[in-house]
Amino acid sequence: MRYLHTMVRVADVDASLDFYCNKLGLREVRRSENEQGRFTLIFLAAPVDEQSGIAEQAPLLELTYNWDPEEYRGGRNFGHLAYEVDDIYETCQRLMDKGVTINRPPRDGNMAFIKSPDGISIELLQKGPAREKAEPWASMANTGTW
């Protein structure tokens, strides 16, 4: 068995691509549109997974956009996506600078949570050992749910 992808439904392709690609840093590796089924599939890879995402079609995040309007609720029921990052503090600061709310700041130097425009929780984990606790993160409160 091998992990292939995680699928999340999105309500707005542009807002989702802005979040996942421009802010989080994922890269689009494949897209398909199905006129008969009335949906678009967009596959994204983390930068270090881009080549395997193209060659092996894994590991990927699949964004599914259904052309007929639907209301999606309960992103929290999905659970969360998790990505390892080289520097948890730099990543969170970069996301904040781009207008992303850090719902659970990396107070422990190891873990943070953010949410996509569709309410999907995304866990960010420090690669290797936790960073030394540092301000403003150590005393930053949670915002909303994560």
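Look up: the structure comes first, before these words.
Heads up: these notes are all about the structure in this document. (Residues numbered from 1 in each chain as written. Predicted model: local features only at pLDDT ≥ 70, side-chain atom pairs only at ≥ 80, totals over all residues. Heavy atoms only, no water.)

### Here we look at the overall build of the protein
Counting its secondary structure elements, the protein contains four helices and seven strands. Tracing the protein from N to C terminus, the helices and strands come up as β-α-β-β-α-β-α-β-α-β-β. In terms of overall size, the protein behaves like a compact globule, its C-alpha atoms giving a radius of gyration of 16 Å where 146 residues would be expected to give roughly 15 Å. C-alpha atoms of the protein, sized along the principal axes, occupy 50 × 35 × 30 Å. (Helix = DSSP H or I, 4+ residues; strand = E, 2+ residues; numbered from the N terminus. Rg over C-alpha atoms; globule rule 2.2 N^0.38 Å.)

### Section: the side chain of Arg104
Relative to the helices and strands, Arg104 is located in the loop between helix 4 (88-97) and strand 6 (111-115). Among the residues examined, Arg104 registers a relative accessible area of 11% and is labelled buried. Reaching out from Arg104, the side chain makes a polar contact with the backbone oxygen of Met111 at a distance of 2.7 Å. Non-local contacts of Arg104, meaning those with residues more than four positions away in its chain, are made with Met111, Ala112, Phe113, Asn142 and Trp146. (Buried < 20%, exposed > 50% of the residue type's maximum accessible area, 1.4 Å probe, protein only. Polar contact = N/O pair within 3.5 Å; in protein donor to acceptor, adjacent residues only side chain to side chain. Contact = heavy atoms within 4.5 Å.)

### Regarding helix 4
What helix 4 keeps buried is the set Ile88, Tyr89, Thr91, Cys92 and Leu95. End-on, the buried residues of helix 4 take up no more than an arc of 165 degrees, which puts them together on one face. Positive backbone phi, at 90 degrees, marks Gly99, one or two positions downstream of helix 4. (Arc of directions from axis to C-beta.)

### Focus on the pairing of strand 5 (residues 80-85)
Going residue by residue along strand 5, you find Leu81, Tyr83 and Val85 tucked away on one face and His80, Ala82 and Glu84 left uncovered on the opposite face. Note that strand 5 and strand 7 (residues 121-126) share six bridges and pair parallel. Paired with His80 across the strands is Ser121, a residue of strand 7. (Pairing = 2+ DSSP bridges.)

### Regarding the nonpolar core
Core analysis: the largest hydrophobic core is formed by 29 residues, its most contacted members being Tyr20, Leu24 and Leu124. Contributions of two or more residues to this core are made by helix 1 (13-23), strand 3 (39-45), strand 4 (60-66), strand 5, helix 4, strand 6 and strand 7. Aside from chain neighbours lying at most four places away, what touches Leu24 is Phe19, Tyr83, Arg94, Leu95, Ile114, Ile122 and Leu124. Core analysis: the next-biggest nonpolar cluster, separate from the first, contains five residues, Leu41, Phe43, Ala45 and Leu60 among them. (Core = buried A, V, L, I, M, F, W, Y, C linked by side-chain atoms within 4.5 Å.)

### A short note on the packing of aromatic side chains
All told, the structure shown has three aromatic pairs when counted by the stated rule. Aromatic pair Phe113 and Trp146: ring centres 4.7 Å apart, planes at 35 degrees, arrangement tilted. With Phe113 in strand 6 and Trp146 in the segment after strand 7, this residue pair connects regions lying 33 residues apart in the sequence. Judged by relative accessible area, which is 4%, Phe113 ranks as buried. A relative accessible area of 27% places Trp146 in the partly exposed class. One residue, Arg104, lies across the ring of Trp146, its end atom 6.0 Å from the ring centre. (Phe/Tyr/Trp six-rings, centres within 6.5 Å; stacked < 30°, edge-to-face > 60°. Lys NZ or Arg CZ within 6 Å of the ring centre and 35° of its normal.)

### Remarks on the sheet that holds strand 5
Ordered by their spatial adjacency, three strands build an open sheet running 5-7-6, and the pairing between neighbours is mixed. One side of each edge strand has no neighbouring strand; the edge strands of this open sheet are strand 5 and strand 6. Ignoring which end each strand starts from, the neighbouring axes of this sheet average 25 degrees apart. Sheet contacts for helix 4: strand 5, strand 6 and strand 7; angle to strand 7, the most-contacted strand, approximately 145 degrees. (Axes fitted to C-alpha atoms, helices over the stretch in contact; angles between N-to-C directions.)

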